[in-house]
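# Topology and contacts: notes
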Amino acid sequence: MTTPLPARPGAGLPDHPRFLWRNPEPRRGYDVVIVGGGGHGLATAHYLARNHGITNVAVLEKGWLGGGNLARNTTLVRSNYLWDASATIYEHSLKLWEGLEEDLGYPILFSQRGVLNLAHSEQDVRDSVRRVEANKLNGIDASWIGPDEIAKICPIVNLSDGIRYPVLGAAYQPRAGIAKHDYVGWGFARRADEAGIDLIQGCEVTGFVTGGDRVTGVRTSRGTIGAGQVLLCAAGNTTTLTDMLGLRTPVQSHPLQALVSELLEPVHPCIVMSNAVHVYVSQAHKGELVMGAGVDAYNGYGQRGSFHVIERQMSAAVELFPVFARAHLLRSWAGTVDVCPGPSPIVDRTPYGNLFLNCGWGTGGFKATPGIGWCLADTLANDKIHPYLEPFSLGRFVTGALVDEHGAAGVAH
Ligand SMILES: Cc1cc2nc3c(=O)[nH]c(=O)nc-3n(C[C@H](O)[C@H](O)[C@H](O)COP(=O)(O)OP(=O)(O)OC[C@H]3O[C@@H](n4cnc5c(N)ncnc54)[C@H](O)[C@@H]3O)c2cc1C
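Residues numbered from 1 in each chain as written. Predicted model: local features only at pLDDT ≥ 70, side-chain atom pairs only at ≥ 80, totals over all residues. Heavy atoms only, no water.

### Remarks on unusual backbone geometry
At Ala-235, a position not held by glycine, the phi torsion is positive, near 45 degrees. Structurally, Ala-235 is set in the loop between strand S11 (223-232) and helix H7 (238-244). Assessed through its relative accessible area of 26%, Ala-235 is described here as partly exposed. Although it is not a glycine, Asp-383 adopts a positive phi angle of roughly 50 degrees. Asp-383 sits in the partly exposed class, given a relative accessible area of 42%. (Helix = DSSP H or I, 4+ residues; strand = E, 2+ residues; numbered from the N terminus. Buried < 20%, exposed > 50% of the residue type's maximum accessible area, 1.4 Å probe, protein only.)

The structure is reproduced here in structure tokens:
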């Protein structure tokens, strides 16, 4: 007897349209110029049109839409951050994720399958419980669970106490999930294009035209384009742009890699993250195991990473999931991420009053995509930093009012 095949991922959802978006020539000028056609730039464009009726907007992308980190990330979406500032923006974003497919009219395969953040030491346990309690105070679904409960949620995790880092429990967020990252970008792009926003690919920003304390235009590989307001959403390339203006930002660019296995039957029901052994694993709709770890330590713009990082993350993955020991890796790749001390993002107005900076999302900005797009659109429309973004100012590196998620929650993706 043959076993029926599982439903095709996305079955029942609309097929891909033949037409995605126009490829317009750049005009002489726009009210708003967004630099970077990744998730953040495209989401901002969408919400400018949708929430504020602002459509005289261009998104300038040096390569192709989604060629940066947007379609290179491991697609984890969650909001269980420790500090109020982070929890607020990521939870705002998660709520938007929950209605995004309808909003965009496009399949994004958002699957809320829950995340387990494993604890392997007494200190891990204390930190995790603290984070769970902080999450609850912020209205975020979070609980602390022991090994028995972990076994029910994810039976393939190695819960033996004989391993080097035994699993003592986990912080659990059931509403966390994964989405299909390139579809997310295309969904935002299609909506923005439909609203009349120009998405201009193959258009690299190479300089700025300034007048006093304003940026009046951008120089590009396709000519100079005038701008009423400019928003930088260039992720790992941020400092190459801010250097052109003589602005110093505490951001470093690092390669961050990920890898996928061959296609497997559905075997892994949720997302498992472990900071102690440093690996995280989920299973994509198609069947690949999707795995990631930390950044390569050196600065660089290469979209590939070092072998020793893969080696470490593989040994961690196999210890946590012995069942995967004989799975084959299919491919690995990297993106260039913009790492900020903390690590929390920088979203602020620059000394050029009409130039706004959005960067420093490092290894975790995919999940923020709808939330940051919403808040940046509001910021541009009202010419005032959205309240959710105020804690992420550049000034915090002077005042010391940091949002230290790294030290606190120790979580990267
Ligand atoms: C391997 C990996 C795994 C990750 N995993 C996760 C995860 O699981 N969950 C999560 O939340 N986040 C994750 N991230 C981080 C996340 O991908 C990023 O924080 C986020 O995508 C950054 O926003 P973006 O999509 O706008 O960036 P990008 O897609 O990188 O967009 C920036 C764009 O700017 C363009 N650009 C740069 N310079 C110029 C210029 N001069 N002119 C014109 N255009 C320019 C680039 O070509 C690029 O397309 C991961 C990242 C990587 C690399």
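### Things to note about the confidence of the model for the protein
Summing up the model confidence of the protein, the mean pLDDT is 92 and the portion of residues at 70 or higher is 94%. Per-residue pLDDT stays below 50 along residues 1-10; that stretch engages in four contacts with residues further than four places along the chain or on separate chains. (pLDDT = per-residue confidence, 0-100. Contact = heavy atoms within 4.5 Å.)

### What about the packing of helix H1 (residues 39-52) against helix H9 (residues 369-382)?
Running from N to C, H1 and H9 cross one another at 55 degrees; their axes reach a closest spacing of 7 Å. By the angle class used here, H1 and H9 are oblique. In the packing of H1 onto H9, the handedness of the crossing is right-handed. Taking contact as the criterion, the partners of Gly-39, His-40, Ala-43, Thr-44, Tyr-47, Leu-48, Arg-50, Asn-51 and His-52 in H1 are, on H9, Thr-369, Pro-370, Ile-372, Gly-373, Trp-374, Leu-376, Ala-377, Asp-378, Leu-380 and Ala-381. (Axes fitted to C-alpha atoms, helices over the stretch in contact; angles between N-to-C directions. Parallel < 35°, antiparallel > 145°, perpendicular 65-115°, else oblique. Left-handed = near helix turned anticlockwise from the far one by under 90°.)

### Observations regarding the nonpolar core
Residues Ile-34, Leu-42, Trp-97, Phe-188, Ile-197, Leu-199 and Leu-389 are the most contacted members of the largest nonpolar core, which totals 51 residues. Among the elements of the structure, strand S1 (29-35), H1, strand S2 (57-60), helix H2 (84-98), helix H3 (100-104), helix H6 (181-194) and H9 are those that each provide at least two residues to this core. If near-sequence neighbours (up to four positions away) are discounted, Leu-42 is found in contact with Gly-37, Val-59, Leu-65, Leu-70, Gly-185, Phe-188, Ala-189 and Leu-199. (Core = buried A, V, L, I, M, F, W, Y, C linked by side-chain atoms within 4.5 Å.)

### Points about the site of the ligand
With respect to spatial proximity, 39 residues lie near the ligand, and among them Glu-61, Asn-69, Leu-70, Thr-74 and Lys-367 are the closest. The separation between an oxygen atom of the ligand and a polar main-chain atom of His-40 is 3.0 Å. Gly-364 places a main-chain nitrogen or oxygen 3.0 Å from an oxygen atom of the ligand. A total of 1000 Å² of accessible area belongs to the ligand in isolation, and the protein chains cover 97% of it. Elements supplying a minimum of two residues to the shell around the ligand: H1, strand S12 (252-263) and strand S16 (329-339). (Near = heavy atom within 4 Å. Polar contact = N/O pair within 3.5 Å; in protein donor to acceptor, adjacent residues only side chain to side chain. Areas by Shrake-Rupley, 256 points an atom, 1.4 Å probe, with all protein chains shown as cover.)

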